Amino acid sequence: MKLIITRIVLALRNFQQWLVAQAMFGFLNLLKLFPADGAIRFADKVMRRLGRRTRRHKLMLTNLRNAFPEKSEAEIEEIALASWGNMGRLAAEYVFLDQLFDYDPEKSEPGRVEVSGIPIFLDLRDNPRPFIVFTGHTANFELLPVAGAAFGLTVTVLFRPPNNPYVAKKVFDFRSARMGKLVPSHAGSSFALARQLEAGQGVGVLVDQKFGKGLKGTFFGREVKTNPLLPKLVRQFDCEVYPARCIRLPGNRYRLEIEPRLDMPRDEKGNLDLPAAAQLLNDKVESWVREFPEQWLWYHDRWQIKKTLAQEGPPPIYQR
């Protein structure tokens, strides 16, 4: 009897995931009927209305208050709504990703996408060596591997698949057709990235995600744990590390930036300092978020606030 009940529960959960996926695909297919600019603006407005009504909005406001104690409640709310709009834009931009990346160095006038740091792209392409490019969840971070592929730069990208298996498959198929090699984040992903670096190739990783067993550090002055994968790979392969980000510009335009190589911190013996390296990554992403706070995904539980909210009730405002 217990086995039958378990099978029924699993079947219902699977059906629920299928329904959610179909609703999401239906919405995205509807957007395809409209021009890119109109569809992106529409998705922005929809998410601003829906996002503020979700439980995650309270978490987002708490995160923003903690990060920017000097800002007023009106400013905090404005950033939060813009962040929801950013997420709506990101979803809509999946539909038009092939149209969005229109960078052409031969054009006299800029297109929808402008690229900063082109000499670095070309140097990494023309002088093969192991390297790591890292970014955060800022603006449309999905455009970065598309840009690398457009420049002929082979980068193996580590990504976390969505929890919904139907959505995960669709996203994987879509990304792999446009972004080169992909490695889903799981127990063996570090070995897959290590093989790429050992072969003298590049990898790309997101570094601003919560990681329960990570290296201790700070982000916006509050304690966080950072995935040690990137520092450990640097220690093993002594590879170069480059920050990269996407910035939203007015008029549904984008700037993609790859910055000069970072000097990774080392201890007195010359060995890579893992905690200091992880902190360096946090500091870089924080500088980006401070510049354009509305373009980061504040609904992420980076500081493990959800657990505190569940235990203590109303969201506290932590002081730095």
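Refer to the structure presented above.
Reading the values: the criteria
Residues numbered from 1 in each chain as written. Predicted model: local features only at pLDDT ≥ 70, side-chain atom pairs only at ≥ 80, totals over all residues. Heavy atoms only, no water. Phe/Tyr/Trp six-rings, centres within 6.5 Å; stacked < 30°, edge-to-face > 60°. Helix = DSSP H or I, 4+ residues; strand = E, 2+ residues; numbered from the N terminus. Buried < 20%, exposed > 50% of the residue type's maximum accessible area, 1.4 Å probe, protein only. Lys NZ or Arg CZ within 6 Å of the ring centre and 35° of its normal. Salt bridge = Lys/Arg side-chain N within 4 Å of Asp/Glu carboxyl O. Patch = residues over 30% accessible without salt bridge, like charges linked within 9 Å, V, L, I, M, F, W, Y side chains within 5 Å. Areas by Shrake-Rupley, 256 points an atom, 1.4 Å probe, with all protein chains shown as cover. Lys, Arg positive; Asp, Glu negative; His and termini not counted. Charge placed at Lys NZ, Arg CZ, Asp CG, Glu CD. Core = buried A, V, L, I, M, F, W, Y, C linked by side-chain atoms within 4.5 Å. Contact = heavy atoms within 4.5 Å.

## A closer look at the packing of aromatic side chains
Two aromatic rings, taken as a pair, are described by how far apart their centres are and by the angle between their planes.
Inference 1: Enumeration according to the criterion identifies 14 aromatic pairs in this entry.
Inference 2: Centre to centre, the rings of Phe121 and Phe151 are 4.9 Å apart; their planes meet at 10°, and the pair counts as stacked. Residue Phe121 is located in helix H6 (residues 118-126), and its partner Phe151 is located in the loop between helix H7 (143-150) and strand S3 (155-159); the two are separated by 30 residues in the primary sequence. The exposure classification of Phe121 matches that of Phe151, with both residues buried.
Inference 3: Within the aromatic cluster, the residues linked to one another by ring pairs are Phe68, Phe219, Phe220, Trp296, Trp298 and Trp303.
Inference 4: One Lys or Arg, Lys71, reaches over the ring of Phe68 and ends 5.3 Å from the middle of that ring.
Inference 5: The lysine or arginine in question, Arg302, covers the ring of Phe219, its NZ or CZ lying 5.6 Å from the ring centre.

## Considerations on the pattern of salt bridges
Pairing between side chains becomes possible if they bear opposite charge and their charged atoms approach one another.
Inference 1: Applying the stated criterion across every chain yields a total of 19 salt bridges.
Inference 2: Of the charged contacts in the structure, one is a salt bridge between Glu77 and Arg52, with a shortest N-O distance of 3.8 Å. Of the two residues, Glu77 sits in helix H4 (residues 73-95) while Arg52 sits in the loop between helix H2 (36-51) and helix H3 (55-67), which places them 25 residues apart along the sequence.
Inference 3: Look at Glu77 and you get partly exposed, because its relative accessible area is 22%.
Inference 4: With a relative accessible area of 43%, Arg52 lands in the partly exposed category.
Inference 5: Arg129 is paired through a salt bridge with Asp123; the nearest N and O atoms lie 2.5 Å apart.
Inference 6: Through salt bridges with shared partners, one network takes in Glu114, Arg245, Arg253, Arg255, Glu257 and Glu291.

## Observations concerning a positive patch on the surface
Inference 1: Where like charges cluster on the molecular surface, the positive patch consists of Arg41, Lys45, Arg49 and Arg53.
Inference 2: Within the secondary structure, Lys45 sits in helix H2.
Inference 3: Given the relative accessible area of 58%, Lys45 is considered exposed.

## So, the nonpolar core
Inference 1: Counting residues in hydrophobic clusters, the biggest one holds 49 residues, and the most contacted among them are Ile132, Phe134, Leu230 and Trp298.
Inference 2: It is helix H11 (residues 274-291) that contributes the most residues to this core, 7 residues altogether.
Inference 3: If near-sequence neighbours (up to four positions away) are discounted, Trp298 is found in contact with Met60, Asn63, Leu64, Ala67, Phe68, Ile79, Ser83, Phe220, Val289, Pro293 and Trp303.
Inference 4: Leu100, Phe151, Leu153 and Tyr242 belong to the second-largest nonpolar core, a separate cluster that totals 34 residues.

Remember that the coordinates give geometry; whether it matters functionally is a separate question.
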